[in-house]
Each structure stands twice: as C-alpha cells, then as structure tokens.
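Fold and contact review
What follows is each chain in one-letter form.
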Amino acid sequence: MFVVMRTGATEAEVNGVKGLILAEGLTPFENVGSDRVNAGTDRVNAGTARVVIAIVGEIGGRRPQLMARLGTTPGVATVTPISKPYKLVSREFHPEDTVIRVLDAVIGDGTLTVMAGPCSIESREQLLATADFVAGHGATIIRGGAFMPRTSPYSFQGLGVEGLRYLAEVRERTGLPVITEVMEPSQVDIVAEYADILQIGTRNMQNFSLLLACGRAGRPVMLKRGFGATIEEWLMAAEYIASAGNSQIILCERGIRTFETYSRNTMDLTAVPLAHHFTHLPVIVDPSHATGRRWLVKPLAIGGVAVGADGIMVEVHPRPDEALSDAEQQLDFAGFEQMMDAIVGVHEHVRDLHGDLNADATRSGKG
Ligand code: PEP
Ligand code: MN
C-alpha cells in the first residue's frame, strides 16, 4: 500500500508516518517522482508537490488496521493498497515515467536510446573502431561484454578487467556512457567503477544476491528478461533492485525461449506495452539476442520501436564473421547504418502516438 501526504505536509508529519511504518517492522519508501525532485527538499513550501510513501514488507492480516490508522495520522491525504506483488516499480505507486540520465544520455523521456557495440570486447582496436563508428551514426550508449556468460565453459569468456579499461577509454573518447554485464555480486564494485550502467543478463535475472548488490551499487541497472521468465517474474526481479534503494532500472526484452527453432529466441513484442502499462520503468528491446540472426535484427528493431520501446540494444562488430561470440547476429557497420535509418524514421512516426498510449496506461492503471 502507499500513503499520499497532503499538499504541504510538514517534515514532522512525513516523519511521523515513516515512524509508524517502521514501528510495525515494515519499510517506508518515498516516491522520488519528478514533481518532488524539482521541488527539492523544502516540502512545506513545495506548492503542489506531494510526498508519497510506499510501505513494503509482509503486511499480512494487519492491512485493515494499518490502513485505518494511517488514514487518521496527521498530514495523510489517502491510503491506497497496491494490487500487484511488485510495489516500488509499479505504476500504481509511481504513475510518472521514470527518466534516467547518465552523462548526456537520457533514457525514457520519449527520445530513442540506442545501445550499440560488440557482443564481447575482443581487443582495444575492435572496441574503439566499433564505438567510433556507432557513436558517429546515432548510438547514444556504447555496449561491450567484458565478463561473458557463455553456455560452454570452453568458449571465449571475455577480457575481464582489461575489457573494462577499454570501455572507460571509449567513454573518454566518445563522451557516451558505457554499459556492460556484471555476472556475480563479487564483480559489482569493479564493474561499477568502470561502467556507467550495469547490465544483468538473462541467465542471471533471478540471481537475487546479484540483484540486491546491483541495487546498492549507485549506478543505473539494465535488467534483461530471463529467457524463461514471465513478465511478473521479470518485474519482481526489478523490485529486488528497487528494494535495495535503486529505482534507476531499465527493462530489456531480449527474447524468450519458445518451441520455435528458426530464430534463437522469440522476441516478445507484447512485453513492451505490457511493461509500460504495469511499471514506470523505461523498456528497451534487444533484437540481436532475440533473433540470433543478422538479417532479422533490422525488422525486429523496427518492430520494437513501433510498439513503443524507449530504445534498442544491438550488437555491432567490424568483421562479424570473425567475432569470438555471437558471430551470426552481430551487424556490420553498413548494417548498423541501415538499421538506424529505418528506426529513426519509425520513431519519429510513432512517438506522439505512444505518448497517448502510455498516458492511457497510466490513467487506467492497473488492469
Ligand atoms: C549480452 O547482452 O551480452 C548478453 C549476453 O545478452 P543476454 O543476457 O540477453 O543473453
Ligand atoms: Mn551477445
């Protein structure tokens, strides 16, 4: 459930509500919505700013009494139950879209985010050449795997920290933020030292200690959907990150496993409007891992943008056929350029339409 404080509620009243929640052994989370960020900390003079506090924890049978008690606590306007098992990432708690700013990149504000770069970082030259090209052709964030989750223990496992250093060099060179995968809690500090956004891969979507560690790392996190996960499980995984104090989460649909064998995975386009409907988090699509085939990347990137994704992640390599990982799905430079031409046009076309659709989702909320 969540408590909406009256406009102009005092700091003491807000603290009173939080104290009551804590005394019940539950945790209060303040919604840092845009109105309140802009209003700063001076809530008494904040004009229209309203403080909203989510209550998380096992409330169980105490719900009716707690709701009644909070309803009569000074400064409280309304107390509302949250119908979904995820709370902090739900639209019910936080109706406004979350917008994430990393260096000069903005994700979730209606602009098109393009994360591009090689599957794995193979050498300094390979990463720099790719980053220079994609940065010059519309990429807003550079990707590259340093710690690689490979199905086979005998496949290339990535350059590790050496790869992270090249990524940091790319940030200096292009001015763009960099994203890379972190595979285990013990790697979070070192990856957060070099990367601007932490990526949690499909195989780790329910690695709960990793989710919590990333939630505490103080960097935005991109959470890929588990290839066998329902949307609710995906959002519960996001809730783990948020429960550790970090709501700067980007969701990434990267394909799920179905009975189909002609593509590597099946890209679930429905997941994009669904996730936008139920959460306030930005949602991007990864047509590279979703399809596993180079020639399918452009049509599925178009599809993702058309259904309202906030952006895409794609793999690009100077010589894809020689790539040490995911050779069949990486775009070459010409392929990236062609894909960009297509999706920029589609994005222009659908942008206003999705503004309306998301507003509908926000209003009708929960269903
Ligand atoms: C990746 O993006 O490098 C990756 C391994 O993707 P996924 O976790 O979706 O397989
Ligand atoms: Mn890959």
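Note that the coordinates shown come from a computational prediction; the quantities given were computed from them, not determined experimentally. (Residues numbered from 1 in each chain as written. Chains lettered and ligands numbered in written order. Predicted model: local features only at pLDDT ≥ 70, side-chain atom pairs only at ≥ 80, totals over all residues. Heavy atoms only, no water.)

**What about the sheet that holds strand 14 (residues 311–315)?**
We count it as follows: By the convention used here, strands pair only if DSSP detects at least 2 bridges between them. Helix and strand assignments come from DSSP, with helices taken as H or I runs of at least 4 residues and strands as E runs of at least 2, each series counted from the N terminus. Axis lines are fitted to C-alpha atoms, over the contacting stretch for helices. Their N-to-C directions set the angle, which ranges from 0 to 180 degrees. Any two residues whose heavy atoms approach within 4.5 Å are treated as being in contact.
Here we have eight strands rolled up into a closed barrel, ordered 7-8-9-10-11-12-13-14, and parallel in their pairing. Mean inter-strand twist for the sheet, computed between neighbouring axes without regard to direction, equals 25 degrees. Sheet topology note: the strand 7 (residues 113–117)/strand 14 ladder contains five bridges and is parallel. For Ala 116, the partnering residue across the bridge sits in strand 14 and is Val 314. In the packing of helix 9 (residues 271–278) onto the sheet, contacts are made with strand 12 (249–253) and strand 13 (283–285), and the angle to strand 13 comes to roughly 170 degrees.

**Considering the coordination of the manganese ion (ligand 2)**
Rules: Excluding water, the donors of a metal are its N, O and S neighbours within 2.8 Å, or within 3.2 Å for Na, K and Ca, and that exclusion means sites may look incomplete. For every residue, the accessible area obtained with a 1.4 Å probe (protein chains only) is divided by the maximum for its type, and the residue is called buried under 20%, exposed over 50%, and partly exposed between those limits.
Summarising the metal site, the manganese ion (ligand 2) is bound by the protein donors Cys 119 (SG), His 289 (NE2), Glu 315 (OE) and Asp 326 (OD), whose distances to it range over 2.0 to 2.4 Å. One chain supplies every donor to the manganese ion (ligand 2), and in sequence these donors are spaced C-x169-H-x25-E-x10-D. Taken together, the residues span a long stretch of sequence, with Glu 315 in strand 14 and Asp 326 in the loop between strand 14 and helix 12 (333–364) at a distance of 11 residues. For the residue pair Glu 315 and Asp 326, the accessibility class agrees, reading buried in each case.

**Describing the site of ligand 1**
Rules: If even one non-hydrogen atom of a residue comes within 4 Å of a molecule or strand, that residue is called near it. As used in this structure description, the phrase polar contact means that two N or O atoms lie within 3.5 Å; if the pair is within protein, one of them must be able to donate a hydrogen and the other to accept it, and residues adjacent in sequence are counted only when both atoms belong to side chains. The protein chains shown are the only cover counted for residues, whose accessible areas, like all others here, come from Shrake-Rupley with a 1.4 Å probe. Under the grouping applied here, Gly and all other residues not named as nonpolar or charged are polar, the nonpolar ones being Ala, Val, Leu, Ile, Met, Phe, Trp, Tyr, Cys and Pro and the charged ones Asp, Glu, Lys and Arg.
Around ligand 1 sit Arg 143, Pro 149, Glu 181, Gln 199, Gly 201, Thr 202, Arg 203, Lys 224, Arg 254 and His 289, and those are all the residues in its vicinity. A distance of 2.9 Å separates an oxygen atom of ligand 1 from a polar side-chain atom of Gln 199. Separating an oxygen atom of ligand 1 from a side-chain N or O atom of Arg 203 is a distance of 3.2 Å. Expressed as a share of its isolated accessible area of 300 Å², the protein-covered part of ligand 1 is 97%. The class makeup of the residues in the shell around ligand 1 is one nonpolar, four polar and five charged.

**Remarks on the environment of Trp 295**
Relative to the helices and strands, Trp 295 is located in helix 11 (residues 294–306). When its relative accessible area of 62% is taken as the criterion, Trp 295 is described as exposed. Sequence-wise, Trp 295 and Leu 331 are 36 residues apart; in three dimensions their C-alpha atoms are separated by 8.4 Å.

**Some details on the side chain of His 276**
With respect to the helices and strands, His 276 occurs in helix 9. Of note is the side chain of His 276, whose polar atom sits 2.7 Å from the side chain of Asp 310.

**So, the pattern of salt bridges**
The condition is simple: Only one rule defines a salt bridge in this text: a Lys or Arg side-chain nitrogen within 4 Å of an Asp or Glu carboxyl oxygen.
For the structure shown, the criterion picks out 14 salt bridges. Notably, a salt bridge pairs Glu 24 with Arg 62, separated by 3.2 Å at the nearest N-O pair. Highlighted residues: Glu 24 in the loop between helix 1 (11–23) and strand 2 (27–30) and Arg 62 in the loop between strand 3 (52–56) and helix 3 (63–71), separated in sequence by 38 residues. Given the relative accessible area of 25%, Glu 24 is considered partly exposed. A salt bridge links Glu 315 to Arg 143, with the nearest nitrogen and oxygen atoms 3.5 Å apart. Placement of the pair is Glu 315 in strand 14 and Arg 143 in strand 8 (residues 141–143), with a sequence separation of 172 residues.

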